[in-house]
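So the chains spell out like this:
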Amino acid sequence: MAVNTILLDFTVNSTRLTNAEESRILQDDMEIVLSNYVPGLRRQQVFNFAGSFIVLLTADRGTHITLRGFPHGIVTCNIEYFKDDEEKPLLLLEQIRSLESRLKDKLCSSRSKIFPPIKRGASLDVYLTTSDERILEYDIDKVLYEEKSRYQKILIVHSRSLGNLLVLDDLQNISESDLIYTETLMQRGKESYEGKEIVILGGGDGALLWELLKEKPKFVYMLEIDELVMKACSKHLRSCCGDCLDKMKGDNYEIIVDDCVKILNQFITEGRKFDYVFGDLTDIPLSATPQGEIWDFIRLILNSSMKVLKSSGKYMTHGNGASCPESLRMYEEQLQKLYVPVEFSRAHAFVPSFMEDWVFYQVWQKHN
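**Student:** Can you walk me through the packing of helix 2 (residues 20-35) against helix 3 (residues 93-107) in this structure?
**Tutor:** Packed helices, taken two at a time, are described by their axes: the angle between them and the distance between them. Running from amino to carboxyl end, helix 2 crosses helix 3 at an angle of 155°, the nearest separation of the two axes being 10 Å. On the basis of their axis angle, the class for helix 2 and helix 3 is roughly antiparallel. When the axes of helix 2 and helix 3 are compared, the crossing they make is right-handed. Contact residues: Leu 26, Asp 29, Met 30, Val 33 and Leu 34 in helix 2; Leu 99, Arg 102, Leu 103, Lys 106 and Leu 107 in helix 3. Considering only residue class, the contact of helix 2 with helix 3 consists of seven nonpolar, no polar and three charged.

**Student:** Is there a simple way to think about the environment of Ser 131 in this case?
**Tutor:** Summarising the element assignment, Ser 131 is placed in the loop between strand 7 (127-129) and strand 8 (135-137). Linking Ser 131 and Gly 203, residues 72 residues apart in sequence, is a C-alpha distance of 19 Å. Beyond its immediate sequence surroundings of up to four residues, Ser 131 is in contact with Leu 286, Asn 320, Gly 321, Ser 323, Cys 324, Glu 356 and Trp 358. A distance of 3.4 Å separates a polar atom in the side chain of Ser 131 from a polar atom in the side chain of Ser 323.

**Student:** How should I be thinking about unusual backbone geometry in this particular structure?
**Tutor:** A negative phi holds for most residues other than glycine; trans holds for most peptide bonds. Backbone geometry places Asp 170, a non-glycine residue, at a positive phi of 70°. Counting through the fold element by element, Asp 170 comes out in the loop between strand 11 (163-168) and strand 12 (171-175). Given a relative accessible area of 44%, Asp 170 falls into the partly exposed group. A positive phi angle, near 60°, is found at Lys 216, a position not held by glycine. Its relative accessible area of 59% is what places Lys 216 among the exposed residues.

**Student:** Hey, could you run me through the side chain of Ser 109 in this one?
**Tutor:** Relative to the helices and strands, Ser 109 is located in the loop between helix 3 and strand 6 (111-120). We classify Ser 109 as buried; its relative accessible area is 9%. At 2.8 Å, the side chain of Ser 109 and the backbone oxygen of Thr 11 are in polar contact. In contact with Ser 109, other than residues within four places in its own chain, are Phe 10, Thr 11, Val 12 and Lys 104.

**Student:** Which parts of the structure should I look at to understand the nonpolar core?
**Tutor:** For soluble globular proteins, the rule of thumb is that nonpolar side chains tend to be buried together. Of all hydrophobic cores here, the largest spans 38 residues; its most connected members are Leu 166, Tyr 193, Ile 200, Leu 209, Leu 212, Leu 245 and Phe 278. Top contributing element to this core by residue count: helix 5 (residues 207-213), with five residues. Counting 31 residues, the second-largest nonpolar core is a separate cluster that includes Tyr 221, Ile 284, Ile 298 and Tyr 315.

**Student:** Is there a simple way to explain the side chain of Asp 29 in this structure?
**Tutor:** Mapped onto the fold, Asp 29 is located in helix 2. Buried charge without a salt bridge: Asp 29, with Arg 16 as the nearest opposite-charge side chain at an N-O distance of 4.1 Å. Beyond its immediate stretch of four places on either side in the chain, Asp 29 contacts Arg 16 and Lys 106.

**Student:** Explanation requested: the sheet that holds strand 12 in the structure shown.
**Tutor:** Sheets are built from strands that pair by backbone hydrogen bonding, the pairs being arranged parallel or antiparallel. As summarised here, the arrangement of the four strands in space is 9-10-11-12, forming an open sheet in which the pairing is antiparallel. Only two strands of the sheet have a single neighbouring strand rather than two, namely strand 9 (140-148) and strand 12. Strand-to-strand, the axes of this sheet are offset by a mean angle of 25°, without reference to chain direction.

**Student:** Sorry, what's going on with the sheet that holds strand 4 (residues 63-70) here?
**Tutor:** Pairing is antiparallel across the open sheet formed by six strands, whose spatial order is 2-3-4-5-1-6. With one partner strand each, in any of the chains shown, strand 2 (42-49) and strand 6 form the two edges of the open sheet. Each adjacent strand pair in this sheet contributes to an overall mean axis angle of 15°, direction not counted. Bridge count between strand 4 and strand 5 (residues 74-83): seven bridges; the pairing is antiparallel. Bridge assignment links Phe 70 to a residue of strand 5, and that residue is Ile 74. In the packing of helix 3 onto the sheet, contacts are made with strand 1 (2-11), strand 5 and strand 6, and the angle to strand 6 comes to roughly 145°.

What counts, and where the lines are drawn
- Residues numbered from 1 in each chain as written.
- Predicted model: local features only at pLDDT ≥ 70, side-chain atom pairs only at ≥ 80, totals over all residues.
- Heavy atoms only, no water.
- Axes fitted to C-alpha atoms, helices over the stretch in contact; angles between N-to-C directions.
- Helix = DSSP H or I, 4+ residues; strand = E, 2+ residues; numbered from the N terminus.
- Parallel < 35°, antiparallel > 145°, perpendicular 65-115°, else oblique.
- Left-handed = near helix turned anticlockwise from the far one by under 90°.
- Contact = heavy atoms within 4.5 Å.
- Nonpolar A, V, L, I, M, F, W, Y, C, P; charged D, E, K, R; others polar.
- Polar contact = N/O pair within 3.5 Å; in protein donor to acceptor, adjacent residues only side chain to side chain.
- Buried < 20%, exposed > 50% of the residue type's maximum accessible area, 1.4 Å probe, protein only.
- Core = buried A, V, L, I, M, F, W, Y, C linked by side-chain atoms within 4.5 Å.
- Lys, Arg positive; Asp, Glu negative; His and termini not counted.
- Salt bridge = Lys/Arg side-chain N within 4 Å of Asp/Glu carboxyl O.
- Pairing = 2+ DSSP bridges.

Below, the structure written as structure tokens:
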């Protein structure tokens, strides 16, 4: 069940909206065209508003339609109705395209645009966002797991094209189609992990740990605070994490369920040193300045990680979408302000479940 919203936009000569007589004719013409597509159409009210008009119409199936004219030469038509899961759509996409064509001709519109019905208020949410906050619609057909832990909202859904998909606090994290994400994060084929000592900060989906274990490391510590995420992924994302989340310790790895900052501080106190530290935690935030709680956390993690790395070690992390250059620039500025001088490189990969190009960082201590 969902409220379906169909959106149509038209660009017209602005005089058709600012001239009272032409505006009235335009409204009547649109209503005539709509009546051929929407049964039981009735005009309820007309408002003169902000230099143009709003027309409210109703129709069968509890449908309401809003026509809005903007004096800048834009006309919008919003059709909204409720649809049960088994109920036929009010208008099929073919009919919506036909409606757009006829309205465009009637309005002498120079440009028009239709959007497939947006489904609002549904029990199955199919909308997520890109890193720069654009709307994405997924082919999600069922929810496999949904729970609220002490730390975050955990959701695992099934996508017809991506397989099972982990969503944390309404942000896509990893799907069964996202091996490229993990391989780019670890720079597979460019970095050698055989015989190396490694720390993973976060990584609750288990994908990074699983892929690293294939490289025959000496030992891997994974520091994850949310045990509920690991339990959910061990059941529903086994193609990503294998069986590495089934137990907390293996021959060459240990999963520690705790705050990674606390354990990092413990490693620092003990003088422990590692070849690699992976930051598989929060993304670089979108903000006007590198200030706030998340930025403070990022700086803390970077400095603490550099303290537990060997002089030849590397800090590996994901950044954000390539469509967020300002946030990436601010992150790179923070790298130049760490307690030790560092150098860094970037890698890119198109991640299927993100539907965008993602940026990954490799950071190491600068040597004179």
